[in-house]
Amino acid sequence: MSSENSSADDVRQVWDVVVVGAGPAGASAAYAAAVAGRRVLLLEKADLPRYKTCGGGIIGPSRDALPPGYELPLRDRVHAVTFSHNGRFSRTRRSKQMLFGLINRPEFDHQLVEHAQKAGAELRTGAGVQRVEQHGSAVPDRRTVAVVLQGGEKVLARAVVGADGSASRIGAHVGVKVDQVDLGLEAEIPVPETVAEDWQGRVLIDWGPMPGSYGWVFPKGDTLTVGVISARGEGAATKRYLEDFIGRLGLAGFEPSLSSGHLTRCRADDSPLSRGRVLVCGDAAGLLEPWTREGISFALRSGRLAGEWAVRIAEAHDAVDARRQALNYAFAVKAGLGVEMAVGKRLLAAFERRPGVFHAALTGFRPAWKAFTDITRGSTSLGELIRNRPIAQRALSALDRRQATGEAGS
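Since we're looking at a predicted model, the values are computed, not measured.

Parameters at a glance
- Residues numbered from 1 in each chain as written.
- Predicted model: local features only at pLDDT ≥ 70, side-chain atom pairs only at ≥ 80, totals over all residues.
- Heavy atoms only, no water.
- Phe/Tyr/Trp six-rings, centres within 6.5 Å; stacked < 30°, edge-to-face > 60°.
- Helix = DSSP H or I, 4+ residues; strand = E, 2+ residues; numbered from the N terminus.
- Buried < 20%, exposed > 50% of the residue type's maximum accessible area, 1.4 Å probe, protein only.
- Lys NZ or Arg CZ within 6 Å of the ring centre and 35° of its normal.
- Salt bridge = Lys/Arg side-chain N within 4 Å of Asp/Glu carboxyl O.
- Pairing = 2+ DSSP bridges.
- Axes fitted to C-alpha atoms, helices over the stretch in contact; angles between N-to-C directions.
- Contact = heavy atoms within 4.5 Å.
- UniProt positions renumbered as here; feature names shortened; annotations may be inferred.
- Core = buried A, V, L, I, M, F, W, Y, C linked by side-chain atoms within 4.5 Å.
- Bend = angle between axes of the 7 residues up to and from the residue.
- Polar contact = N/O pair within 3.5 Å; in protein donor to acceptor, adjacent residues only side chain to side chain.
- pLDDT = per-residue confidence, 0-100.
- Lys, Arg positive; Asp, Glu negative; His and termini not counted.

Student: Is there a simple way to think about the packing of aromatic side chains in this case?
Tutor: Aromatic rings in a pair are described by how distant their centres are and how their planes are angled relative to each other. For the structure on display, the rule yields 14 aromatic pairs. Between the aromatic rings of Trp207 and Tyr214, the centroid separation amounts to 6.2 Å while the plane-to-plane angle is 55°, which identifies the pairing as tilted. Consider the rings of Trp207 and Phe351, whose centres lie 5.2 Å apart with planes at 70°: the pair is edge-to-face. Of this pair, Trp207 sits in strand 13 (residues 202-207) while Phe351 sits in helix 9 (residues 319-353), placing them 144 residues apart in sequence. Using a relative accessible area of 5% as the deciding quantity, one classes Trp207 as buried. Three or more aromatic residues link up through ring pairs in this structure, and these residues are Phe83, Trp207, Tyr214, Trp216, Trp291, Phe351, Phe358, Trp369 and Phe372. Here the guanidinium or amino end of Arg202 rests over the ring plane of Trp199, the centre of that ring lying 4.3 Å away. Over the ring of Phe298 we find Arg301, and its NZ or CZ is 5.1 Å from the ring centre.

Right under this line is the structure:
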């Protein structure tokens with residue numbers, strides 16, 4: 001459906017599900033709703049494919065959440081991780097099996113959208129959303145939501161999924177609250193073949209100089225994705241960290257093809273995931289892992305859940321039934337992703353105080369490295385790890401205690 005042929009009749013047509021935002025969360029939601037046989041419209045303000053600030057690491061949970069038949073456009077397969085602590089104490093750990101894959105986001109996202117389209121979803125690009133309305137003259141009845149586009153055109157739906165990123169307009173409508181905001185800075189650096197060969201199959205993770213910060217190098221053929229992340233409010237220090245990091249790696253002489261920044265926002269525990277017939281998922285809901293700020297797997301998994309529950313909301317005949325389905329969606333998110341986020345918050349709090357302990361554990365303590373590889377491969381999750389392995393429970397409890405005594409003494 002293009003904007004040219006939107007007549008008065010089209011405006012009155014009601015979609016079962018309208019998804020706002022065509023990133024991994026939105027494409028997954030559109031796919032899930034379309035596979036269920038519903039009439040789905042996917043709105044995206046940009047033209048596709050489009051760039052996104054993101055390391056592009058695809059861990060096991062991301063791979064497992066992809067649509068059937070999706071072929072990952074991998075640029076590299078990671079078998080080794082070099083860990084360093086602010087440029088020092090460097091140690092590389094290797095694995096016979098692949099740990100995770102690396103992708104370029106424009107390709108990855110575009111392919112996901114194509115899968116949603118093949119499942120029957122209709123895509124409309126260049127469609128920025130101004131707001132959603134669930135009451136008032138724009139809405140013909142209580143079962144309908146109006147999505148108002150930038151030009152004033154109204155698109156009607158039985159259910160709406162907001163997947164419009166961390167500065168989400170739909171998130172604002174739902175009332176999403178965040179309690180952790182981080183600044184990620186990234187450079188895409190083309191390198192000569194000799195340099196690229198040195199990085200092939202290996203990533204670098206550097207625990208940074210500011211509390212909770214870290215840097216990464218992800219190789220993608222002839223380009224290295226080099227980035228750092230730290231709490232917002234440390235903009236100058238974060239920028240300096242990236243510059244120092246690139247300099248230490250001997251990459252300062254190469255001109256980045258792209259430099260970008262992005263704020264990641266992590267939801268507060270009591271933040272809503274719905275309002276009326278509108279759900280939010282992915283970055284729009286503040287769903288990401290608080291310690292690593294990994295968001296792709298959270299986007300794919302919450303997107304799929306949102307698409308499935310949006311179908312049920314679309315079928316709901318009254319507000320009570322719609323509310324029940326929305327609460328079920330929130331429960332499904334919290335039972336899986338919420339548990340992982342709670343563990344991630346505890347890890348971040350401990351990491352902010354004692355990054356050296358994490359470095360020593362991952363480089364010198366076999367069970368810690370095993371936990372890292374199991375999580376990246378997807379054979380366990382953070383939540384399952386703490387639930388099922390007594391050694392992990394004890395380690396996290398010990399870190400919690402150190403955190404508590406440290407705060408009491410400060």
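Student: Explain the pattern of salt bridges here, please?
Tutor: On inspection of all chains with the given rule, the structure shows 19 salt bridges. One salt bridge connects Glu107 with Arg75, and the closest N-O pair in it is separated by 2.8 Å. Note that Glu107 is positioned in helix 4 (residues 105-118) and Arg75 in the loop between helix 3 (60-64) and strand 4 (76-78), a separation of 32 residues in sequence. Arg75 gets classed as partly exposed once you look at its relative accessible area, which sits at 38%. Shared partners join several salt bridges into a network, and the residues in it are Glu44, Arg50, Arg105 and Asp109.

Student: Can you walk me through unusual backbone geometry in this structure?
Tutor: Glycine aside, residues mostly have negative phi, and peptide bonds are mostly found in the trans state. Put simply, Leu48 and Pro49 share a cis peptide bond, and its omega is -5°. Of note, Pro49 is situated in the loop between strand 2 (40-44) and strand 3 (57-58). Backbone geometry places Phe89, a non-glycine residue, at a positive phi of 55°. Within the element layout of this structure, Phe89 appears in strand 6 (residues 88-94).

Student: Even after reading the chapter, I still don't get the sheet that holds strand 5 (residues 80-85), so can you show me in this structure?
Tutor: Backbone-to-backbone hydrogen bonds join strands into a sheet, with any given pair of strands oriented parallel or antiparallel. Read from one edge to the other, the open sheet built from 7 strands follows the order 6-5-13-14-15-12-16, with strand pairing classed as mixed. Looking along the sheet, the strands with just one partner apiece sit at the ends: strand 6 and strand 16 (258-267). Strand-to-strand twist across the sheet, computed as the mean angle between neighbouring axes with direction ignored, equals 20°. Sitting on the sheet, helix 11 (residues 366-377) is in contact with strand 5, strand 6 and strand 13, with an inclination near 125° to strand 5.

Student: Help me understand the environment of Asn104, please; the structure alone is not making it clear to me.
Tutor: Counting through the fold element by element, Asn104 comes out in the loop between strand 7 (100-102) and helix 4. For Asn104 and Lys220, which are 116 residues apart along the polypeptide, the C-alpha to C-alpha distance reads 7.8 Å. Setting aside residues up to four positions removed in sequence, Asn104 forms contacts with Arg75 and Lys220.

Student: What's the story with the UniProt feature "domain: FAD-binding" (unreviewed entry) in the chain in this structure? I'm lost.
Tutor: Summarizing the sequence annotation, UniProt attributes the feature "domain: FAD-binding" (unreviewed entry) to residues 16-179 in the numbering used throughout. Taken end to end, residues 16-179 comprises 23% helix and 34% strand; its first and last C-alpha atoms sit 33 Å apart.

Student: Whenever I open this one, the nonpolar core confuses me. Can you help?
Tutor: Nonpolar side chains in soluble globular proteins tend to end up buried together. Within the largest apolar cluster, 70 residues are counted, with the highest numbers of intra-cluster contacts made by Val18, Phe108, Val147 and Val160. The biggest single contributor to this core is helix 8 (residues 296-315), with 10 residues. When near neighbours in sequence (up to four residues on either side) are disregarded, Phe108 contacts Pro24, Ile58, Leu66, Tyr70, Leu72, Pro73, Ile103, Ile296 and Leu300. One finds Leu99, Trp369, Ala371 and Leu399 within the second-largest nonpolar core, a separate group that totals 31 residues.

Student: Whenever I open this one, helix 9 confuses me. Can you help?
Tutor: The largest bend along helix 9 measures about 40° and falls at Leu337. Backbone nitrogen of Val320 and a side-chain oxygen of the N-cap are separated by 3.1 Å at the start of helix 9; the cap is Asp318.

Student: How should the confidence of the model for the chain be read in this particular structure?
Tutor: Interpreting fine coordinate detail is not advised for predicted regions of low pLDDT. Per-residue confidence for the chain averages 93 on the pLDDT scale, and 95% of its residues sit at or above 70. Note on residues 1-11: pLDDT is under 50 here. Beyond four places in sequence and across chains, it has 12 contacts.

Student: Is there a simple way to explain the sheet that holds strand 3 in this structure?
Tutor: Taking strand neighbours across the sheet as the criterion, the 3 strands line up as 3-7-4 in an open arrangement whose pairing is antiparallel. In the strand order of this sheet, the two ends are held by strand 3 and strand 4, each with one partner.

Student: Can you help me understand the side chain of Asp76 in this one?
Tutor: Along the chain, the position of Asp76 falls in strand 4. The charged side chain of Asp76 is buried without a salt bridge, its nearest counter-charge being Arg77 at 6.7 Å. In terms of polar contacts, Asp76 uses its side chain to reach the backbone amide nitrogen of Gly201, at 2.9 Å. Those residues within four positions of Asp76 in sequence are excluded, and the remaining contacts are Gly101, Leu102, Trp199, Gln200, Gly201 and Pro219.

Student: Would you explain the side chain of Thr376 in this entry?
Tutor: Here Thr376 is to be found in helix 11. In terms of polar contacts, Thr376 uses its side chain to reach the backbone carbonyl oxygen of Thr373, at 3.1 Å. If sequence neighbours within four positions are ignored, Thr376 has contacts with Ile59, Gly60, Pro61, Leu99 and Phe100.

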